[in-house]
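Structural overview for review
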Amino acid sequence: MNKKLICTLMAGALLVGTVTGCGSSSEGESSAKGTELELFSSKAENKDILQKLVDKFNETHKDVTIKITAPADAGTVLKTRMAKNDMPDIVAMGGDNNYTEVESAGMLVDLSSEDYVSNIQESYLQMVYDVNKDKEEKVYGVPYATNASGVIYNVDKFKEHGIEIPKTWDEFIDVLEKLQDAGEQPLLMTYKDAWTSNCPWNSIASDLAPESFNDDRKAGKTTFVGTHEEIAEKYMKLLDYAQDDFMGLTYDDGNKAFANGEAAMIINGNWAINQYKNANADINVDMFALPASNEKSQNYVTSGVDVLLGVCKDSANEEVAKEFVSFMLEPENAKMYIDDQFAFSAVKGVEQENETVAGVKEDIAAGKVANFPDHYYPSGFDMSALLTEMCLNYTNGMDNEENINQFLAQCDEKYDIANVD
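Conventions used here
- Residues numbered from 1 in each chain as written.
- Predicted model: local features only at pLDDT ≥ 70, side-chain atom pairs only at ≥ 80, totals over all residues.
- Heavy atoms only, no water.
- Helix = DSSP H or I, 4+ residues; strand = E, 2+ residues; numbered from the N terminus.
- Contact = heavy atoms within 4.5 Å.
- Polar contact = N/O pair within 3.5 Å; in protein donor to acceptor, adjacent residues only side chain to side chain.
- Patch = residues over 30% accessible without salt bridge, like charges linked within 9 Å, V, L, I, M, F, W, Y side chains within 5 Å.
- Areas by Shrake-Rupley, 256 points an atom, 1.4 Å probe, with all protein chains shown as cover.
- Salt bridge = Lys/Arg side-chain N within 4 Å of Asp/Glu carboxyl O.
- Lys, Arg positive; Asp, Glu negative; His and termini not counted.
- Charge placed at Lys NZ, Arg CZ, Asp CG, Glu CD.
- Buried < 20%, exposed > 50% of the residue type's maximum accessible area, 1.4 Å probe, protein only.
- 1 Å grid on protein atoms, 1.4 Å probe; cavity = no way out; pocket = protein on both sides within 12 Å on 5 of 7 lines; lining within 4 Å.
- Points joined across faces, edges and corners; volume = space filled by probe spheres on them.
- Nonpolar A, V, L, I, M, F, W, Y, C, P; charged D, E, K, R; others polar.
- Axes fitted to C-alpha atoms, helices over the stretch in contact; angles between N-to-C directions.
- Parallel < 35°, antiparallel > 145°, perpendicular 65-115°, else oblique.
- Left-handed = near helix turned anticlockwise from the far one by under 90°.
- Core = buried A, V, L, I, M, F, W, Y, C linked by side-chain atoms within 4.5 Å.

The name an unreviewed UniProt entry gives the chain is Extracellular solute-binding protein, with Blautia faecis as the organism.

Some points on the environment of Thr395
Among the structural elements, Thr395 can be located in helix 16 (residues 383–395). Note: C-alpha distance between Thr395 and Asp48 (347 residues apart in sequence) is 43 Å. Once residues within four sequence positions are removed from consideration, Thr395 is found in contact with Phe246 and Met247. Side-chain polar atoms of Thr395 contact the backbone oxygen of Leu392, separated by 2.7 Å.

Structural notes on a negative patch on the surface
Taken together, the side chains of Asp170, Glu171, Asp174, Glu177 and Asp181 define an acidic patch exposed on the protein surface. As for its placement among the helices and strands, Glu171 is situated in helix 7 (residues 169–181). Exposure remark for Glu171: the relative accessible area of 31% places this residue in the partly exposed category.

Digging into the layout of surface pockets
A volume near 700 Å³ is recorded for the second largest pocket. Along its surface, the second largest pocket is lined by 25 residues, and Asp130, Ser206, Glu211, Ala370 and Tyr376 are the ones closest to its centre. Where the lining of the second largest pocket is concerned, the elements lending two or more residues are helix 5 (122–131), helix 8 (198–208), helix 9 (213–218) and strand 13 (369–370). For the lining of the second largest pocket, the element with the most residues is helix 5, which contributes four residues.

Examining the pattern of salt bridges
As enumerated under the stated definition, the model contains 19 salt bridges in all. The salt bridge partner of Lys135 is Asp130, with a shortest N-O separation of 3.1 Å. With a shortest N-O distance of 3.5 Å, Lys361 and Glu351 are connected by a salt bridge. Of this pair, Lys361 sits in helix 15 (residues 358–366) while Glu351 is found in the loop between strand 12 (344–345) and helix 15, placing the two residues 10 residues apart along the sequence. According to the relative accessible area criterion, Lys361 is partly exposed, its value standing at 29%. One network of salt bridges, in which partners are shared, links Glu114, Glu318, Glu319 and Lys322.

As for empty space enclosed by the protein
Summed over all chains, the structure comprises two cavities of 30 Å³ or more. Put simply, the second largest cavity is a space of about 80 Å³. In this structure, the second largest cavity is lined by Leu187, Leu188, Met189, Thr190, Tyr191, Thr196, Pro200, Ile266, Ile267 and Asn268. Ranked by residues supplied to the lining of the second largest cavity, first place goes to strand 8 (residues 265–269) with three residues. A breakdown of the residues in the lining of the second largest cavity according to their chemical character gives seven nonpolar, three polar and no charged.

Describing the packing of helix 2 (residues 47–58) against helix 13 (residues 318–328)
Put simply, helix 2 and helix 13 touch, their axes get as near as 11 Å, and they point 115° apart. Classified by the interaxial angle, the pair formed by helix 2 and helix 13 is roughly perpendicular. Helix 2 and helix 13 meet at a crossing whose hand is right-handed. Here Leu50, Leu53, Val54, Lys56 and Phe57 of helix 2 come into contact with helix 13, specifically with Val320, Glu323, Phe324, Phe327 and Met328. Of the residues assigned to the contact of helix 2 with helix 13, the class counts are eight nonpolar, no polar and two charged.

Let's talk about the environment of Ala366
Residue placement: Ala366 occurs in helix 15. Sequence separation between Ala366 and Gln121 is 245 residues, and the spatial gap between their C-alpha atoms is 8.9 Å.

Details of the nonpolar core
Ranked by size, the top nonpolar core spans 137 residues in total, and within it Tyr144, Trp201, Phe224, Leu238, Met265, Met383 and Phe407 carry the most contacts. With residues up to four places along the chain from it excluded, the contact list for Met383 reads Asn198, Trp201, Phe224, Tyr377, Phe407 and Cys411.

Some points on unusual backbone geometry
One can expect most non-glycine residues to show negative phi and most peptide bonds to be in trans. Not every positive phi belongs to a glycine, and Lys135 is a case in point at roughly 55°. Turning to its location among the elements, Lys135 is positioned in the loop between helix 5 and strand 5 (142–146). Non-glycine residue Asp314 carries a positive phi angle of around 65°. Summarising the element assignment, Asp314 is placed in the loop between strand 11 (305–311) and helix 13.

Structure (structure tokens):
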């Protein structure tokens, strides 16, 4: 998923009030023209493939018209519509705080009894349960498309220097050292765009944070201080292998530099690979999970629900909306979507076959995945801003221990401010 979009939505989608109902817009009514529904997407970039799928659905539903709405500032727009009790019929949105706010307001239909649920990967269902209000194990949003973040590497450079894919933290550091000794730039970082600083954090924290941390932190039973020191230390260790201008390089410029062979590795998600290919069609890349632990079994592919599908309560056309969701989850249609969007699928047996992500394909199919930690942080808690400050302190020569202690204390301070219901 485009992480800039996630950050925008999380900052803008704080629900105010106690809205418990859901209304139908003018599109969600039956008329002389047939049945009209609205599909609201939080991703403007998937509008074209959604339209193709809508057109395919209409081949067998001649009397149905589905209007796709994909506004630029989807979180704010949806928040406003919730307040006005003017919800669409179907939502396609990320499995993050924006979904939590819609679900916790009672806006979505429980789809747990639908036949297709048994064909959804359990690991992604669990991610949705984890962000439901009170962690309720009901399917108010059906996982559809997923993503992956990790270490994207230049395959040709690895072959040139005889480097094997690291499976542990120590092996990863050895790879960084070997590349550096060979005169290569080991890591490229693009922290002028602050959201990219979240990528290493999400991969390291998903492996090393206590399993119950997110629930316990929300309940005030634990803190970042005392639980995240190793995560922060390893995060800062990676900065030792970044290029000198890592705080001044933009995401777009960094993608072009990586595509042109200026570094061996970059930590980001599958959403960035098309940009490398657009800049240099001949670049040969693959991805592996960032191995934050020396225990191989604890190293997961960082992967989250990029798009889930939900049906809004009180839609005038709930049954047709359910039919559309079922149609979208048919393997052939799920494959159409992930091929167009270069995503992964939550539908069992529907695999992303692009060779540029072959290194994480097996773990994703097997469910060895861990969600993005920032999907569980409250709206208004801007981890990228805190990471950016820590990185600036690093470049300015602050003592590492002092820097880490300050960073973790600020994490707790800012989290407590944002952690309001």
